[in-house]
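A look at the structure
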Protein chains: 4
Amino acid sequence: MTLLDFELAARLAAATLRQARARGVRPLAAAVLDAAGHPLAVLRDEQASFLRPQIATGKARGCLGMGFGGRELARRAQAMPAFFDAINSLTGGEVVPVAGGILLRDDEGRLLGAIGVSGDTSDNDERCALLAIEEVGLRGETGDPQP
Amino acid sequence: MTLLDFELAARLAAATLRQARARGVRPLAAAVLDAAGHPLAVLRDEQASFLRPQIATGKARGCLGMGFGGRELARRAQAMPAFFDAINSLTGGEVVPVAGGILLRDDEGRLLGAIGVSGDTSDNDERCALLAIEEVGLRGETGDPQP
Amino acid sequence: MTLLDFELAARLAAATLRQARARGVRPLAAAVLDAAGHPLAVLRDEQASFLRPQIATGKARGCLGMGFGGRELARRAQAMPAFFDAINSLTGGEVVPVAGGILLRDDEGRLLGAIGVSGDTSDNDERCALLAIEEVGLRGETGDPQP
Amino acid sequence: MTLLDFELAARLAAATLRQARARGVRPLAAAVLDAAGHPLAVLRDEQASFLRPQIATGKARGCLGMGFGGRELARRAQAMPAFFDAINSLTGGEVVPVAGGILLRDDEGRLLGAIGVSGDTSDNDERCALLAIEEVGLRGETGDPQP
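Residues numbered from 1 in each chain as written. Chains lettered and ligands numbered in written order. Predicted model: local features only at pLDDT ≥ 70, side-chain atom pairs only at ≥ 80, totals over all residues. Heavy atoms only, no water.

The name given to chain A in an unreviewed UniProt entry is Heme-binding protein, with Pseudomonas triclosanedens as the source organism.

If you want it as structure tokens, here you go:
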């Protein structure tokens, strides 16, 4: 059984930021939260703009608070705008319903936490996170049907 | 005349969570509020994601604050988005206008309070609550015309 | 290893409210949170005033967020008022540093969550919770040296 | 000229958490901010209680926002409570005026940012940070006269 401790969380967040640098993606922030939504590692590339850590945290926290990956949250926000407006106000914007929020699971499918990434397009944010998740040996759930 | 005391409220909330487990519905939170909108019993299945109690409370509170079941609130939110945007800001998101918020009445139609449920689709949330309401001998008003 | 599920949390909260009734203490609210600070069971005696659930939740949440029982939080708040003013603002009042917040542990000392109680004096709030904790077979940590 | 990039910030925060583990100090959170007060690396030991990252961030942010180490802020908060009450409200608690907030400088005395630490007593928080600052080759300013 994998433990998502602060060392692994920090490695995952750093790997995400380095993926962005290696691929010419805009500088990122990445937030890795435990399964209860509390931060383990929040990193911001020193070139990334300063709201990125909060947005990254909101992407991850929304996934955990609602129980879905960011792409599923995005679909629901589009289908039920009044519901997501209310959630937005209830939580002070803690739920950021877009791609780039990814649930983290171990090999046996157990929920370990989530990562949220912000800085470039949501697609690029997500891609960097998925590459980093693979690097550290975890499984990510983006909210799209698994291939 | 039925009294919605904390014992009955707790039984109703627990019965709702158990209905979800018995039917393979995703884990739920349920909030039972008195007619003044104040909580009597808020329960969260330990497997349910952590924003569910707030959402459940918002569903119930919206029904009581506006005087309609959740389905009528949902219809109005769709017809009058600017009105519900204002309500949303006024109340800090306390009105969650979707199915799964149900007014509670006794046999003589007296308003006792409301229950809000969150965790699965709104339809499933509502179904579990209605079964639990029947179990404890109350009547629920979903905001749809009574059959 | 004990699991603090919603059934046990609801039994603990209800036992606390019944202790108050049996002892002529003022009507209470009790909040049982998991170890990460998320609610499992919040009950309010229908005779208790309406801010009690929020206060009870803040007592429990403060214990978990800071890692001490309520009596230790109270001592620290008295010794370091500027620090607790800042925490108060940072958390929107989520840390209520008085007696009546109790960490919950199992037989082996593992942290399961916390209970917060509000409605009468802090001493009476705490006493009712401790009796209920014993009833359900858990161990409570009030923030005072263990006898 | 030293650059406080995210890699160095993450190393400093991780070194602080490891110092606590090596010394039997309670589990910590550490926040490293750039000179503008924006986060570069926030880490929480997975055993630390969940308010610690916010408190750590407030310690570091207060130092940068006011231009003093945490010990000087603590002295001023004690001497001028009404002033710090106002700051507290103005900033939503972002200034946590206690030891454990440390300005970070390079060899030439240039301000690079700050670290804030929370989890044990303020003295222990600060000690772990100072050891980690030395490890990574920076200079720390605690708000006490330099020896």
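This part is about the overall build of chain A. Each helix and strand in chain A was counted, giving five helices and five strands. Along the chain direction, N to C, the helices and strands of chain A fall in the order α-β-β-α-α-α-β-β-α-β. Against the 2.2 N^0.38 benchmark of 15 Å for 147 residues, chain A shows a C-alpha radius of gyration of 14 Å, consistent with a compact globule. Seen along its three principal axes, the alpha-carbon backbone of chain A occupies a region of about 40 × 35 × 30 Å. When burial is assessed residue by residue, chain A has 57% of its 147 residues classed as buried. Accessible surface for chain A amounts to roughly 5,900 Å². Of this, 50% is attributable to carbon and sulfur atoms. Here chain A contributes 16 positively and 19 negatively charged side chains, and the mean placements of these two sets differ by 3 Å. (Helix = DSSP H or I, 4+ residues; strand = E, 2+ residues; numbered from the N terminus. Rg over C-alpha atoms; globule rule 2.2 N^0.38 Å. Buried < 20%, exposed > 50% of the residue type's maximum accessible area, 1.4 Å probe, protein only. Areas by Shrake-Rupley, 256 points an atom, 1.4 Å probe, with all protein chains shown as cover. Lys, Arg positive; Asp, Glu negative; His and termini not counted. Charge placed at Lys NZ, Arg CZ, Asp CG, Glu CD.)

The subject of this paragraph is the interface of chain D and chain A. Counting residues at the interface gives 22 residues for chain D and 22 residues for chain A. Carbon and sulfur atoms supply 60% of the area that chain D and chain A bury against each other, a total of about 1,800 Å² over both sides. On inspection of chain D and its partner chain A, the count reaches four salt bridges. The interface formed by chain D and chain A contains 11 residue pairs in polar contact (both at pLDDT 80 or more). At the level of secondary structure, the elements contributing two or more residues to the side of chain D that touches chain A comprise helix 1 (6–23) and strand 2 (39–44) of chain D. If you tally residues by element for the side of chain D that touches chain A, the top one is helix 1 of chain D, at seven residues. Tallied by class, residues from the side of chain D that touches chain A come to 13 nonpolar, one polar and eight charged. Bridge count for strand 2 (residues 39–44) of chain A against strand 2 of chain D is three bridges, and the pairing is antiparallel. Within strand 2 of chain D, the position partnered with Ala-41 of chain A by the bridge is Leu-43 of chain D. (Contact = heavy atoms within 4.5 Å. Buried area = accessible area lost by both parts, 1.4 Å probe. Salt bridge = Lys/Arg side-chain N within 4 Å of Asp/Glu carboxyl O. Polar contact = N/O pair within 3.5 Å; in protein donor to acceptor, adjacent residues only side chain to side chain. Nonpolar A, V, L, I, M, F, W, Y, C, P; charged D, E, K, R; others polar. Pairing = 2+ DSSP bridges.)

Let us look at the packing of aromatic side chains. Per the stated rule, a full pass over the model turns up four aromatic pairs over all chains. Relative to Phe-84 of chain A, the ring of Phe-83 of chain A has its centre 5.6 Å away and its plane inclined at 85°; by these criteria the two rings are edge-to-face. With respect to class, Phe-83 of chain A is no different from Phe-84 of chain A; both count as buried. Directly above the aromatic system of Phe-68 of chain B lies the positively charged group of Arg-76 of chain B, at a separation of 4.0 Å from the ring centroid. (Phe/Tyr/Trp six-rings, centres within 6.5 Å; stacked < 30°, edge-to-face > 60°. Lys NZ or Arg CZ within 6 Å of the ring centre and 35° of its normal.)

All names here are of chain D. Burial runs high along strand 4 (residues 111–118): seven of the eight residues are buried. Relative to strand 4, strand 1 (residues 29–34) runs antiparallel, the two sharing six bridges. Across the sheet, Ala-30 pairs through a bridge with Val-117, a residue of strand 4. In this sheet, strand 4 lies alongside strand 3 (residues 101–105) in antiparallel orientation, the contact comprising five bridges. Paired with Leu-104 across the bridge in strand 4 is Gly-113. In this antiparallel pair of consecutive strands, strand 3 and strand 4, the connection spans five residues, and Gly-109 shows a positive phi of 85°.

Here the focus is the sheet that holds strand 5 (residues 139–141) of chain B. The 10 strands lie next to each other as 5(B)-3(B)-4(B)-1(B)-2(B)-2(C)-1(C)-4(C)-3(C)-5(C), forming an open sheet whose pairing is antiparallel. In the strand order of this sheet, the two ends are held by strand 5 of chain B together with strand 5 (139–141) of chain C, each with one partner. This sheet shows a mean twist of 20° between the axes of neighbouring strands, independent of strand direction. Pairing of strand 3 (residues 101–105) of chain B with strand 5 of chain B, which is carried by three bridges, proceeds in the antiparallel orientation. Looking across to strand 5 of chain B, one finds that Leu-104 of chain B is bridged to Gly-140 of chain B. Contacts from helix 2 (residues 52–66) of chain C reach strand 2 (39–44) of chain B together with strand 1 (29–34), strand 2 (39–44), strand 3 (101–105) and strand 4 (111–118) of chain C, with the element oriented near 145° to strand 4 of chain C. (Axes fitted to C-alpha atoms, helices over the stretch in contact; angles between N-to-C directions.)

Superposing chain D onto chain A takes a rotation of 180° plus a shift of 0.0 Å along the axis, which leaves an RMSD of 0.1 Å. The symmetry that links the two subunits is that of a two-fold axis. Relative to the rotation axis, the closest C-alpha in chain D is found at Val-42 of chain D, a distance of 2.5 Å. A share of 100% of the interface residues of chain D reappears at the interface of chain A, consistent with the copies meeting face to face through the same patch. (Least-squares fit on C-alpha atoms with pLDDT ≥ 70 in both.)

Whether parallel or antiparallel, the strands of a sheet pair through hydrogen bonds between backbone atoms. Taking strand neighbours across the sheet as the criterion, the 10 strands line up as 5(A)-3(A)-4(A)-1(A)-2(A)-2(D)-1(D)-4(D)-3(D)-5(D) in an open arrangement whose pairing is antiparallel. Looking at strand neighbours, the two that pair on one side only are strand 5 (139–141) of chain A together with strand 5 (139–141) of chain D, the edges of this open sheet. Neighbour to neighbour, the strand axes of the sheet diverge by 20° on average, direction disregarded. The strands touched by helix 2 (residues 52–66) of chain D within the sheet are strand 2 of chain A together with strand 1, strand 2, strand 3 and strand 4 of chain D, with strand 4 of chain D carrying the most contacts at an inclination of about 145°.

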